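A look at the structure
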Amino acid sequence: MSNKIKDTDYLVISARIRAMETGLLTGERMEQILSARSDEEVVKLLQENGYPDMSLESPEAMDAAIAAAREETLRDLGDSAPDRRYLDIFKLKYDYHNAKAILKAQALGMNPDHMLTDLGRVPAAELKEAITGGEGNQLPPLLALAIAEGKAVLDTTRDPQLGDMVLDRWRYRDELETAKETGSEFLQGYVRISIDAANLRALVRTIRMGKTEAFLEGVLFSGGSVDESEVLEVACDCGDSLEDLYAGTELEAAAKAGFDALKGGGLTKFEKLCDDAVSGYLSGAQMVAFGEAPLIGYLAARETEYTNLRILLMGRAAGLDPEIIRARLRT
């Protein structure tokens, strides 16, 4: 009986997602936003796609409006998702973002409230109270362990970057374990390629900065499809075998751009292609008519949309050339 209920749940959510996909910002709509003559025209275009009325006068106001739209999407799907852990994958990063902000503010004697967001599993105020009051045992287990280690590193080294690295490592572990718990191969694949993309970025940045393999080993994440030892081998030959390592994978184009960046090229195209590789994996959800893949694909598409919208709005506000903005948009 439970399996039948679950199948029905998936049928309902899959049909609903297909309908909701029609509200995603198309490339044509983004071009209209890019060429709009006034902020009022931009706001009207966004409202036609379900966004609330917003002020484009400051980055803070734009971020607040995009955050509100993101929160509404997660809330809207929260009650109908067959397994809430599918949504948790997209909430986890905000828990860890908040934890970083609170720990660093605590170390510096500052108030972190302006840096916090209520998009995670744990309300920001509740997380702050748990950390500052030493009540981490009330938090999700892996998040509590991450905070304890991050705090110890900050207390010992006073290095915020090292503290962030600790929290990032725990975040990917948390995401991968959550994905495994759901039993979804598609969701596990999404987390693994996200880790692969993060490790490729770390590899290229490490070589460009002239850092050692020991430094790279400390910033690589476990759990990706490409083994960490193979990434380290590429660092040992200064990136000469970079393209070979990722040949035939979703990150092949990104690796080529990364190799070009190591030879003096820019990083913008490389960074974009890393994100596009993750999006490319998720686009496979379009070929799945039933199951959790459509939900995961839709949530990821929304995340990409919010990223692109921020790039568009911030670029317009800064007076950037439209071609520069287009080059930064994710697919």
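Worth saying up front: this structure is predicted, and the values here are computed from it rather than measured.

Turning to the overall build of the protein, a few remarks are in order. Within the protein one finds 16 helices and zero strands. A principal-axis box enclosing the C-alpha atoms of the protein has dimensions of 50 × 50 × 45 Å. Looking at the protein as a whole, 48% of its 331 residues are labelled buried. Long-range contacts, defined as pairs at least 24 residues apart, comprise 64% of the intrachain contacts of the protein with a sequence gap of at least 6. With the model as given, the accessible surface of the protein reaches about 16300 Å², and the carbon-plus-sulfur share is 51%. Distance between charge centres in the protein, computed from 38 positive and 57 negative side chains, equals 2 Å.

Our next topic: the packing of aromatic side chains. Evaluated as defined, the whole model comprises four aromatic pairs. Relative to Tyr281, the ring of Phe186 has its centre 5.1 Å away and its plane inclined at 25°; by these criteria the two rings are stacked. Linking Phe186 in helix α9 (residues 185-209) with Tyr281 in helix α14 (residues 268-282), this pair joins segments that are 95 residues apart in sequence. Its relative accessible area of 18% is what places Tyr281 among the buried residues. Lying over the aromatic face of Tyr172, Arg171 brings its terminal NZ or CZ to 4.8 Å of the ring centre. Over the ring of Phe215 we find Lys211; its NZ or CZ atom is 5.2 Å from the centre of that ring.

Orientation of helix α2 (residues 27-35) relative to helix α15 (residues 293-317), taken along the N-to-C sense of each, is 15°, at an axis distance of 10 Å. When the axes of α2 and α15 are compared, the pair comes out roughly parallel. Once α2 is placed against α15, the crossing between them reads as right-handed. Taking contact as the criterion, the partners of Met30, Ile33, Leu34 and Ser35 in α2 are, on α15, Asn308, Leu309, Leu312 and Arg316.

The rules behind the values
Residues numbered from 1 in each chain as written. Predicted model: local features only at pLDDT ≥ 70, side-chain atom pairs only at ≥ 80, totals over all residues. Heavy atoms only, no water. Helix = DSSP H or I, 4+ residues; strand = E, 2+ residues; numbered from the N terminus. Buried < 20%, exposed > 50% of the residue type's maximum accessible area, 1.4 Å probe, protein only. Contact = heavy atoms within 4.5 Å. Areas by Shrake-Rupley, 256 points an atom, 1.4 Å probe, with all protein chains shown as cover. Lys, Arg positive; Asp, Glu negative; His and termini not counted. Charge placed at Lys NZ, Arg CZ, Asp CG, Glu CD. Phe/Tyr/Trp six-rings, centres within 6.5 Å; stacked < 30°, edge-to-face > 60°. Lys NZ or Arg CZ within 6 Å of the ring centre and 35° of its normal. Axes fitted to C-alpha atoms, helices over the stretch in contact; angles between N-to-C directions. Parallel < 35°, antiparallel > 145°, perpendicular 65-115°, else oblique. Left-handed = near helix turned anticlockwise from the far one by under 90°.

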